[in-house]
Amino acid sequence: MGPGAAFADRVSCHRLPGGARLAVLVNPHAPTATVAGTLLAGPARATDGRFSVPGLVAAMLDRGTTKYSRIELARELEDHGLQLVVRASASTPTIVSFSAQGLAEELPRLVRLLVEVLRRPSFPATELDKIREQVLGSLVREREETSARAFAALTRGLYPAGHPLHRRPIEARENELRALTSEELAEFHNRAYGPATIALAVVGDVEAGRVTTLLEGELAGWDGAEEAVFATDDEGVPGSSEGRIQIADRPSIDVFLGHRGRLLRGDTDYPAAVLANSCLGQSTLTSRLGMAVRDGAGLTYGVYSRFFGTLHVAGPWATALGVSADNLDRAVGLSLEVIAKYVGEGPTEEELADERSALAGSYRVGLATNSGIARELVTALTAGEPVERLDRFPEQLLSVDRDQVVEAIRTHLHPDQIIVTAAGDFEG
């Protein structure tokens, strides 16, 4: 079937041992194979509030397994031209994501190494010490990162302690990291990792039946993984906003204006909500905020808005901008005015037409490569959406009318709930 056919007709879906879900798309036009996947083992699985554990487990997976040391695994990958990456992200706290790619003829080796890393990590103490020092070093640097500090303060002002989107103070994370042991990581892995929550997409010059057989063989006998229950304490009271965080010798101030989000991928109004935000702040160059705060008033080099996370746990909606200390109050005031006016009147038909075309086109361009297709397929599987989503979403964007966008604005954008956090050198 040709590449112009609908994805729904080209993708085959399979259920693997232990419950893993697999989508395969055959693309014989490049001699490669790309694997993308997720597993519900992210920070939100830390039921005891020790949110560093899931991230550290993900970082340790390729640091040694029952069969390979870190060096042996790295050599095996390098010698055969293979790439393998596993990561956890605070912005998508329910999942660990992974990707792997190489020549299609190396697919059996690629699958074997991927499952070995996910299934049989050994968590060697020496490697844990190295990772620990790397993460502690990144936290030292984070102290000087104005954007990271301002966004963390925003999350603490919006979400209660114990919520996976509440970013704890750096000192608390440092203390936890120093105390973690290999045994604690292994315990979390035994509890959270298993095929039941794995979603996989394989795209390339492959045969769907062969891919299924390879994965069935590697996953056979792997149980593990308790039912995925996410620690999302929505009942607690958020801490008070820190407002302004002083960081010496950082004259550029990073600012976030945001409130708790309600948008989840798969919601019926998702396309309309994405368009609503796009007209307001998707682009510094063409959106309402950019035209007013950057071009009109000259108060910032960059300003944008977005929904920070829509997979399983709704993240905040926020506007971000960088300003000088002298322009801070004016830039914040103008941004709030633009947001309030936009919520009151909605986008013009011209704005909406431009963003419809831009977003639909961008989405289609993202599906022009094996890796782009694999990422979107696995995200659809993870969100519980059918693979038809790859065909439907651009058409849904193009068919959204202004009334639907106005309704999405009323549902998802709330100027009266916005809090403001900023980090930089206010005194220099």
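In this report, we go over the structure that sits alongside the text. Numbers given for residues are sequential positions, taken from 1 along each chain in its written order. Given that the model is predicted, a residue must reach a pLDDT of at least 70 before its local features are reported, and side-chain atom pairs must reach 80 or more before they are shown or counted; all residues, however, enter totals for whole chains, interfaces and linings. Here the side-chain values reflect all heavy atoms present in the structure, with hydrogen atoms and water set aside.

### Remarks on the sheet that holds strand β3 (residues 32-39)
A pair of strands is labelled paired if DSSP reports no fewer than 2 bridges between them. Per the convention used, a helix needs a DSSP run of H or I reaching at least four residues, while a strand needs a run of E reaching at least two, with both numbered from the N terminus. If you walk across this open sheet you meet the six strands as β1-β2-β6-β3-β5-β4, and the pairing is mixed. Each edge of the sheet is formed by a strand with only one pairing partner; in this case those strands are β1 (11-15) and β4 (83-88). In this sheet, adjacent strand axes meet at a mean angle of 15 degrees when their direction is disregarded. Sheet topology places β4 next to strand β5 (residues 96-103); six bridges connect them, and they run antiparallel. Pairing of V85 across the sheet is with S99, part of β5. Packed onto the sheet, helix α4 (residues 107-119) meets β3, β4, β5 and β6 (199-204) and runs at close to 155 degrees relative to β5. Where helices are involved, their axes are fitted lines through C-alpha atoms of the stretch in contact, as for all axes, and angles between N-to-C directions lie from 0 to 180°. Throughout, a residue-residue contact means that at least one pair of heavy atoms, one from each residue, lies within 4.5 Å.

### Description of the pattern of salt bridges
Salt bridge, as used here, is a side-chain nitrogen of Lys or Arg placed within 4 Å of a carboxyl oxygen of Asp or Glu. Scanning all chains against the criterion turns up 24 salt bridges. Among the salt bridges present, the one from R364 reaches E395, with a minimum N-O distance of 2.4 Å. Of this pair, R364 sits in helix α13 (residues 349-366) while E395 sits in helix α15 (residues 389-399), and the two are 31 residues apart along the sequence. The rule is simple: take the accessible area with a 1.4 Å probe, protein chains only, and divide by the maximum for that residue type; under 20% is buried, over 50% is exposed, in between is partly exposed. Residue class for R364 comes out partly exposed when judged on its relative accessible area of 40%. Shared partners join several salt bridges into a network, and the residues in it are R63, R70, E127 and K130.

Function-wise, these values are silent; they only describe arrangement.
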